[in-house]
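Descriptive analysis of the structure
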Amino acid sequence: MKMSDWKNRGNIQYKSGNYNDALKCYTNAIDLNSNDKFLFGNRSQTYYKLNLFEEAVSDSIRSTEIDPSFSKGYFRTGNAYLRLGKLDESEDQFRLSAEHGEASAIKSAQEVVGFKEDWQTAQQMRRQGLSKECVIQMKKLISSATHNLPMKLLFVESAAESSCWDEIITCLRDVIEDQPFKNIADLRYHYAFAFYQIACFEDCLQQLDILQKMETDYKGSEKIRTKCSEFQRLVSTAKTYMSKQEYQWSFEAFTKAMSIDTDAPLIQKYLIACRAVTLMHMSRYDEAIKDCTKALEGNIYEWRTKALECRAYCYEAQNEIQLAISDYERALEIKHNSEMEQRLQHLRQIRPKRKDYYQTLGVKRDADSNQIKAAYRTLALKYHPDRQTCPSEEERLIMKTKFQEISEAYMVLSDNEKRSRYDAGESVDTIDSPEHDPFILFNMVCGVLPENATICQTVTHRMKQACFWSTCVLLGTATCPCWCPVLCCRAGERM
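Just so it is clear, the model here is predicted, and its values are computed rather than measured.

What follows is about the pattern of salt bridges. Pairing of side chains with opposite charge becomes possible as their charged atoms draw close. Counted by the stated rule, this structure contains 24 salt bridges. Among the salt bridges present, the one from R62 reaches E65, with a minimum N-O distance of 3.8 Å. Remark: E65 and R62 occur in helix α4 (residues 53-66); sequence separation between them is three residues, near one turn of the helix. Linking E91 and R95 is a salt bridge whose minimum nitrogen-to-oxygen distance equals 2.9 Å. With a gap of four residues between them, E91 and R95 both fall in helix α6 (residues 87-99), about one helical turn apart. The exposure class of E91 is buried, given its relative accessible area of 11%. A relative accessible area of 42% places R95 in the partly exposed class. By sharing partners, the salt bridges in this structure join D88, E91, R95 and K116 into a single network.

Shown next as structure tokens:
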């Protein structure tokens, strides 16, 4: 075949993504003509696609030797050097490319200058023990300088120290089998350990097997292998029990698995989510919802859909339709599931039952206004989203929903005319109840000083404030100023 035929065939293979075949074609063409800059340029780009950056540099340099004005050749060399983390060389090549007319090379050279500053800063942060900050500083750099061993080690070690397990997996997944990383035991161990920490036990064991071939007695690897195998055994046992509808035994197996490594928070969340399913099957809905909420807090992994689906089912069983719909929607945003989609559509078509405002406030139907106000105050304190000093995001969402329901019930039952219409069976949707901010309502009902307050009311209010703030300073139990008139008096007491 002629040189041009090999070149054309190589172009076809390259465009099809068959880079190994394209490489062979370009090599055959170069054997027939070793002075064609385009052939070396094409083969350089093919090496680049195969993550063979040293070879890519060699060919692109050869193309600029053939034609010193070949701007694209300098640009390719700059890109390959950048992948290798050779930042000075990369900057030089981009500048040469710009000098010979490649406009985009100016921006690339400026980016490399920024990477050089990032690298210096990251090394300094590492020496100062600022692991989390080092990871943040290096994220953009490491995504460009993908094949530099010192950079990769610094990033992975810093990520491990700051428990950024997903960052380690993302950083190594596509390059762990490439040179110069393939035979580095430290990187392989961190990769395996990251899988372990996010409860991907099969992937962890697979990487540990590779590590064992590289270094038979790597420090810590056998300990992780033992724990990982035990997790796998207990989880498999628990799932077998569940398939046989032995839910109590399944619950106990998941609980036992949780004791293997209490210092691995993501594994704990995964097991809690699994355990919640057994609680759901045993109709222990409140416990299941509590477990799901724990599993969801701070969870960014796809398997959190298990907890969302389980909690949605429990809410549905408790007739909390809106909460169930919310969780199904969140789960479907993460991962599509036809069964969940059908369940969601079904719930949206269900006509909600008439709200029982008396049940919401926990009072009898003949309760007077003082009893209703006292019940509202007690529940508003319990479910106010700011009531707890450090609630989780999931807990805040649940508390906010409850808080809004309590406020809605109080707005109707505290108004004699609206309460009469409600008691007569009128739909809550037709009762004239303009929207109120539940937080403003809380301040109004729970004792914020009215504008027309008497002198006695004002003095009492100030005394309660002083008592509250002194308690905050001495005991450190402050939440927000709303509590000052409430914490110091009985729930049913009037201002």
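What follows deals with the confidence of the model for the protein. Summing up the model confidence of the protein, the mean pLDDT is 86 and the portion of residues at 70 or higher is 85%. In the model of the protein, helix α26 (residues 484-487) stands out as the element of lowest mean pLDDT, 40, in contrast to α6, which has the highest, 97. Segment residues 477-495: pLDDT under 50, and 47 contacts once partners within four positions in sequence are set aside and those in other chains are kept.

Next up on the list: the nonpolar core. The nonpolar side chains of a soluble globular protein tend to be buried with one another. Membership of the largest hydrophobic core comes to 97 residues, with the highest contact counts inside it found for M138, Y196 and L271. When residues in this core are grouped by element, the largest group, 11 residues, is from helix α15 (residues 265-281). Residue contacts for Y196: discarding those within four places in its chain leaves F201, C204, I224, K227, C228, F231, D261 and I267. L361, V363, I406 and A409 belong to the second-largest nonpolar core, a separate cluster that totals 17 residues.

As a further point, take helix α7 (residues 104-127). The terminal C-alpha atoms of α7, which comprises 24 residues, lie 36 Å apart, in line with the 34 Å expected from a rise of 1.5 Å per residue. Along α7, the residues classified as buried are A105, S108, A109, V112, F115, D118, W119, A122 and M125. For α7, the secondary structure elements touched by its buried residues are α5 (71-83), α6, α8 (131-144) and α9 (149-161). Following α7 by one or two positions, G129 has its phi on the positive side, about 80 degrees.

On to unusual backbone geometry. In the segment running from Q179 into P180, the intervening peptide bond is cis, with an omega of 10 degrees. Position of P180 relative to the elements: it lies in the loop between α10 (165-172) and α11 (185-197). In the Ramachandran plot, Q245 falls in the positive-phi region, its phi being about 65 degrees despite a non-glycine side chain. You can call Q245 exposed: its relative accessible area is 58%. Of note in this structure, N319 is not a glycine but carries a positive phi near 65 degrees. Mapped onto the secondary structure, N319 falls in the loop between α17 (304-317) and α18 (321-334). For N319, a relative accessible area of 39% translates into the label partly exposed.

Following the criterion strictly, the structure yields 15 aromatic pairs and no others. Centroid distance F75 to F94: 5.3 Å. Interplanar angle 65 degrees. Geometry classified as edge-to-face. In this pair, F75 is assigned in helix α5 and F94 in helix α6, connecting sequence segments 19 residues apart. Across the pair, exposure class does not vary: F75 and F94 are buried alike.

Below, the discussion takes up the environment of Y422. Tracing the chain through its elements places Y422 in helix α23 (residues 416-423). Between the C-alpha atom of Y422 and that of K355, which follows or precedes it by 67 residues, the distance is 10.0 Å.

Two quantities define a packed helix pair, namely the angle between the helix axes and the distance between the axes. Packing of α10 against α11 leaves a shortest axis separation of 9 Å and a crossing angle of 130 degrees. With respect to each other, α10 and α11 are oriented oblique. For the crossing formed where α10 meets α11, the hand is left-handed. For the pair α10 and α11, the contacting residues are W165, I168, I169 and L172 in the first and L187, H190, Y191, F193, A194, F195 and Q197 in the second.

Basis of the calculations
Along each chain, residues carry numbers from 1 onward, in the same order as the chain's sequence is written. Restriction of local features to residues with pLDDT of at least 70 applies here, the model being predicted, together with a cutoff of 80 or more for giving and counting side-chain atom pairs; totals for whole chains, interfaces and linings are based on all residues. To get the side-chain values, take all heavy atoms of the structure and skip hydrogens and water. Only one rule defines a salt bridge in this text: a Lys or Arg side-chain nitrogen within 4 Å of an Asp or Glu carboxyl oxygen. Helix numbers and strand numbers start at the N terminus; a helix is a DSSP run of H or I with at least 4 residues, a strand a run of E with at least 2. The rule is simple: take the accessible area with a 1.4 Å probe, protein chains only, and divide by the maximum for that residue type; under 20% is buried, over 50% is exposed, in between is partly exposed. A score between 0 and 100, pLDDT records how confident the predictor is in each residue. Working rule for contacts: check all heavy atoms of both residues, and any pair within 4.5 Å makes them a contact. Among the buried residues, those of types Ala, Val, Leu, Ile, Met, Phe, Trp, Tyr and Cys that are joined through side-chain atoms within 4.5 Å form a nonpolar core. Here, expected helix span is obtained from the residue count minus one, scaled by 1.5 Å. When two rings of Phe, Tyr or Trp (its six-membered ring) have centres within 6.5 Å they constitute a pair, described as stacked for plane angles under 30 degrees, edge-to-face for angles over 60, and tilted for the intermediate range. Axis angles are defined between N-to-C directions and span 0 to 180 degrees, where every axis is a line fitted to C-alpha atoms and, for a helix, only to the segment in contact. Just so you know how the angles are binned, under 35 degrees is roughly parallel, over 145 roughly antiparallel, 65 to 115 roughly perpendicular, and the rest oblique. Left-handed describes a crossing whose near helix is turned anticlockwise from the far helix by less than a right angle; the clockwise case is right-handed.

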